[in-house]
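The chain contents come next:
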Amino acid sequence: EAAVTQSPRSKVAVTGGKVTLSCHQTNNHDYMYWYRQDTGHGLRLIHYSYVADSTEKGDIPDGYKASRPSQENFSLILELASLSQTAVYFCASSDWDWGGAMKDTQYFGPGTRLLVL
Amino acid sequence: KTQVEQSPQSLVVRQGENCVLQCNYSVTPDNHLRWFKQDTGKGLVSLTVLVHENDKTSNGRYSATLDKDAKHSTLHITATLLDDTATYICVVGRGSALGRLHFGAGTQLIVIP
């Protein structure tokens, strides 16, 4: 079964501190994504990657960096955490065919609840 | 501007009752639409995907419809169970090479005994 794990599951950070969220997938998927979920809003795409050592900006990349050191691992980095970055962060992976239509669903991790004080 | 609107925002039903969740969207092009279930504190799990005009799908007690002309989808849950308590999220895919997805804010369903 497709599996995406995230660590930590929850974190409290101080404003201005550095935060790294990690994601690991065993699906052998090329695509990986980072989203944030805020109460009352849909998930929003922060960064994604379709190959190791390469990342792309999503819809809300400001204040975030991403790193894809291998096909299995994708990290989200907050260099200077801010109060507005308090949210739940989800990692996902998927396969895509090159026609652009999704061949399969995205598989989501359980989420990381980040609280910035 | 929100491109995927879901209604109702929240819904309480008694176990055994049926319910209908709505999704209206303005995403263009609309390659496919997927319904996810999100249990509290968990990730999203796909329930069904609709691709073609007037598609209808069925997955156990879950069934869904898609009207691409109206840009509207419904998710029906029959004979609800307590385990159906969750947030149901509608997601529209544009099918572009970048594969961007547009997420609704979800409908929170609570099933009571």
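Below, the structure is looked at part by part. Keep in mind that this is a model prediction, so the values were computed, not measured. By convention here, each chain's residues receive numbers from 1 onward along its written sequence. Numbering of ligands from 1 and lettering of chains from A proceed in the order in which they are written. Where local features are concerned, this predicted model is filtered to residues with pLDDT of at least 70; where side-chain atom pairs are given and counted, the filter is 80 or more; whole-chain, interface and lining totals use all residues. Water and hydrogen atoms play no part in the side-chain values, which are based on all heavy atoms of the structure.

Describing the sheet that holds strand E7 (residues 62-67) of chain B
All names here are of chain B. A sheet is described by the order of its strands in space; here five strands give the open sequence E1-E3-E8-E7-E6, paired in antiparallel fashion. Lying at the two open borders of the sheet, with one neighbouring strand each, are strand E1 (4-7) and strand E6 (56-59). Ignoring which end each strand starts from, the neighbouring axes of this sheet average 15 degrees apart. Paired strands, in this sense, are two strands between which DSSP finds at least two bridges. The secondary structure listing takes helices from DSSP runs of H or I that are at least 4 residues long and strands from runs of E that are at least 2 residues long, numbered from the N terminus. Judged from the six bridges that link them, strand E3 (residues 19-25) and strand E8 (residues 72-77) form a sheet pairing that is antiparallel. Within E8, the residue paired with Cys-23 across the bridge is Ser-73. Note on geometry: axes are C-alpha line fits, over the in-contact stretch for helices, and angles between N-to-C directions span 0 to 180 degrees.

Comments concerning the pattern of salt bridges
All names here are of chain A. Think of a salt bridge as a Lys or Arg side-chain nitrogen and an Asp or Glu carboxyl oxygen that are within 4 Å of each other. Counting across every chain of the model gives six salt bridges over all chains. Notably, a salt bridge pairs Arg-36 with Asp-38, separated by 2.8 Å at the nearest N-O pair. An identical accessibility class is assigned to Arg-36 and Asp-38; each is buried. For Arg-44, the salt bridge is made with Asp-38, and the minimal N-O distance between the two is 2.9 Å. Classification of residues uses two cut-offs on accessible area relative to the type maximum, computed with a 1.4 Å probe and protein chains only: under 20% is buried, over 50% is exposed, and between them is partly exposed. We classify Arg-44 as partly exposed; its relative accessible area is 35%. If you follow the salt bridges from partner to partner, you end up with Arg-36, Asp-38 and Arg-44 in one network.

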